[in-house]
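# Structure at a glance
The lines below spell out each chain.
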Amino acid sequence: MSEIEKIKSVLENAEALVVGAGAGLSTSAGFTYSGERFEKYFSDFQAQYGFSDMYTGGFYLYKTLEEHWAYWSRYIMINRYMDAIIPVYEELFELVKDKNYFVITTNVDHCFQKAGFDKSRLFYTQGDYGLFQCSEPCHKKTYNNEEQICAMYEAQKDMKIPTELLPKCPVCGKPMSMNLRADDTFVEDEGWHKAALRYEDFLNENKDKNIVYLELGVGGNTPGIIKYPFWNMTYSNPKAKYICINKGEAVVPKEIENQSICVNNDIYEVIKCL
């Protein structure tokens, strides 16, 4: 039996499914952060500042907030408000939509909801490109940023935005920042905590059942959020199955080898076959 047939059988017999998604899933959808796509949208920043990928540009210390938000508004526009090129999230939704599923992800690009996934079955642990927070932060609240980001994106010129478009905290007046977990200023708002509780409840309700932990594109940056817990929960339940689909990084510890299926291939190609 092929790996694809084994996965089909495991998913068909599952009483519960936990999807754990990392950056590799969005890479498979076409959201690449270097190479041709970076040069298409950021050739001016590359020439001016010398970095050659979007992540590096996000950490660059710009001299002014007008430059900072010119970069970030463009970054958010193409990675949050533009649609992915390859429909891997849509294909994944078709695969799981009728199952008893929950999704935990370190991705912050909103692709799950855009593809139709139920918001109440999603836990974005690391934030959302679509949210602002106070940079201090002076309070634990986040704010939708689509209107402001679009305005910055449209109005920017010479890698700067107009000063009047700089986002400011409505409470203390200090600069806003992105709601992304980069340091200890990250705001875990009410919605974040509710999602965390729903995820915990789902795990507790299904942990002893015939449950499948489906890991997609999770690398080694933050293995303590998805990968290691999936391994531990599989090990703790003899009826559990662990499936890892990750091009170049599909590995599993020997303790759960007999409960696992690893596929070293592009996620979209595998999901299409399923």
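Before reading on, note that the structure itself is shown above.
Residues numbered from 1 in each chain as written. Predicted model: local features only at pLDDT ≥ 70, side-chain atom pairs only at ≥ 80, totals over all residues. Heavy atoms only, no water.

Glancing now at the sheet that holds strand E5 (residues 143–144). Spatial ordering of the open sheet is given by E5-E4-E6, a layout of three strands whose pairing is antiparallel. The sheet is open, and its two borders are formed by E5 and strand E6 (176–180), each paired with just one other strand. The pairing of strand E4 (residues 127–134) with E5 spans two bridges and is antiparallel. Residue pairing in the sheet places leucine 131 in a bridge with asparagine 144 of E5. Helix H5 (residues 65–81) contacts E4 and E6 of the sheet and is inclined by roughly 145° relative to E4. (Pairing = 2+ DSSP bridges. Helix = DSSP H or I, 4+ residues; strand = E, 2+ residues; numbered from the N terminus. Contact = heavy atoms within 4.5 Å. Axes fitted to C-alpha atoms, helices over the stretch in contact; angles between N-to-C directions.)

Here the focus is the state of the cysteines. Within the structure shown, the criterion is met by zero disulfides. Not engaged in a disulfide, the cysteine cysteine 169 finds its nearest cysteine sulfur in cysteine 138; these two sulfurs lie 3.7 Å apart. The thiol of cysteine 244 is unpaired, and the distance to the nearest cysteine sulfur, on cysteine 262, comes to 5.0 Å. Under the relative-accessibility criterion, cysteine 244 is labelled buried at 0%. (Disulfide = S-S within 2.5 Å. Buried < 20%, exposed > 50% of the residue type's maximum accessible area, 1.4 Å probe, protein only.)

Here we take up the layout of surface pockets. In this model, the largest pocket occupies a volume close to 1300 Å³. Every residue lining the largest pocket is counted, 45 residues in all, and those nearest its centre are Tyr55, Phe59, Leu180, Arg181 and Ala182. Of all the secondary-structure elements, those providing two or more residues to the lining of the largest pocket are helix H2 (23–28), helix H4 (54–59), H5, E4 and E6. Sort the elements by how many residues they give to the lining of the largest pocket and H5 lands first, with five residues. Here the lining of the largest pocket is composed, by residue class, of 20 nonpolar, 20 polar and five charged. Each pocket or cavity is described by its volume, and for the second largest pocket that value is around 510 Å³. The wall of the second largest pocket is formed by 23 residues, among which Gln113, Lys119, Tyr124, Asp128 and Leu131 lie closest to the centre. (1 Å grid on protein atoms, 1.4 Å probe; cavity = no way out; pocket = protein on both sides within 12 Å on 5 of 7 lines; lining within 4 Å. Points joined across faces, edges and corners; volume = space filled by probe spheres on them. Nonpolar A, V, L, I, M, F, W, Y, C, P; charged D, E, K, R; others polar.)

Taken together, six strands build an open sheet; the order of strands is E3-E2-E1-E7-E8-E9 and the sheet is parallel. Either end of the sheet is taken by a strand with one partner, and the two such strands are strand E3 (122–124) and strand E9 (260–263). Taking each pair of neighbouring strands and ignoring which way they run, the sheet shows an average axis angle of 10°. The pairing of strand E1 (residues 16–21) with strand E7 (residues 211–216) spans six bridges and is parallel.

On to the pairing of strand E2 (residues 101–105). Within E2, five of the five residues are buried, which leaves the element mostly enclosed by the surrounding structure. By the alternation rule, side chains of E2 split into Tyr101, Val103 and Thr105 and Phe102 and Ile104, which are all buried. Of the pairings in the sheet, the one linking E1 to E2 comprises five bridges and is parallel in character. The residue bridging valine 18 from the neighbouring strand is phenylalanine 102, located in E2. Where E2 lies against E3, three bridges are found, and the strand directions are parallel.

Bringing the environment of tyrosine 242 into the picture now. Mapped onto the secondary structure, tyrosine 242 falls in strand E8 (residues 241–245). Considering only alpha carbons, one finds tyrosine 242 and aspartate 189, 53 residues apart in sequence, at a separation of 31 Å. Apart from residues no more than four positions distant in its own chain, tyrosine 242 is found in contact with Tyr213, Glu215, Lys227, Phe230, Trp231, Thr234, Val251, Val252, Ile256, Gln259, Ser260 and Ile261. A distance of 3.1 Å separates a polar atom in the side chain of tyrosine 242 from a polar atom in the side chain of tryptophan 231. (Polar contact = N/O pair within 3.5 Å; in protein donor to acceptor, adjacent residues only side chain to side chain.)

On to the packing of helix H3 (residues 35–49) against H5. Each pair of packed helices can be summarised by the angle the axes make with each other and by the distance between the axes. Here H3 crosses H5 at 170°, and the two axes come no closer than 11 Å. Relative to H5, the element H3 is oriented roughly antiparallel. Contacts from Arg37, Tyr41, Phe42, Asp44, Phe45 and Tyr49 of H3 reach H5 at Glu67, Ala70, Tyr71, Arg74, Tyr75, Ile78 and Asn79. Class assignment of the residues belonging to the contact of H3 with H5 gives a composition of eight nonpolar, one polar and four charged. (Parallel < 35°, antiparallel > 145°, perpendicular 65-115°, else oblique.)

Moving on, we come to the side chain of glutamate 215. Assignment of secondary structure puts glutamate 215 in strand E7. Once you skip the residues sitting within four places of it in the chain, glutamate 215 turns out to touch Gly20, Ile226, Lys227, Phe230, Tyr242, Ile243, Cys244 and Ile245.

Next up on the list: the nonpolar core. The biggest cluster of nonpolar side chains holds 66 residues, and the ones touching the most others in it are Leu92, Phe112 and Phe117. In terms of residue count, H5 provides more of this core than any other element does, nine residues in total. Sequence-distant contacts of phenylalanine 112, defined by excluding residues within four places in its chain, comprise Ala21, Leu25, Tyr89, Leu92, Val103, Thr105, Phe117, Leu122 and Tyr124. Core analysis: the second largest hydrophobic core is formed by 23 residues, Ala16, Tyr199, Leu203 and Ala240 among them. (Core = buried A, V, L, I, M, F, W, Y, C linked by side-chain atoms within 4.5 Å.)

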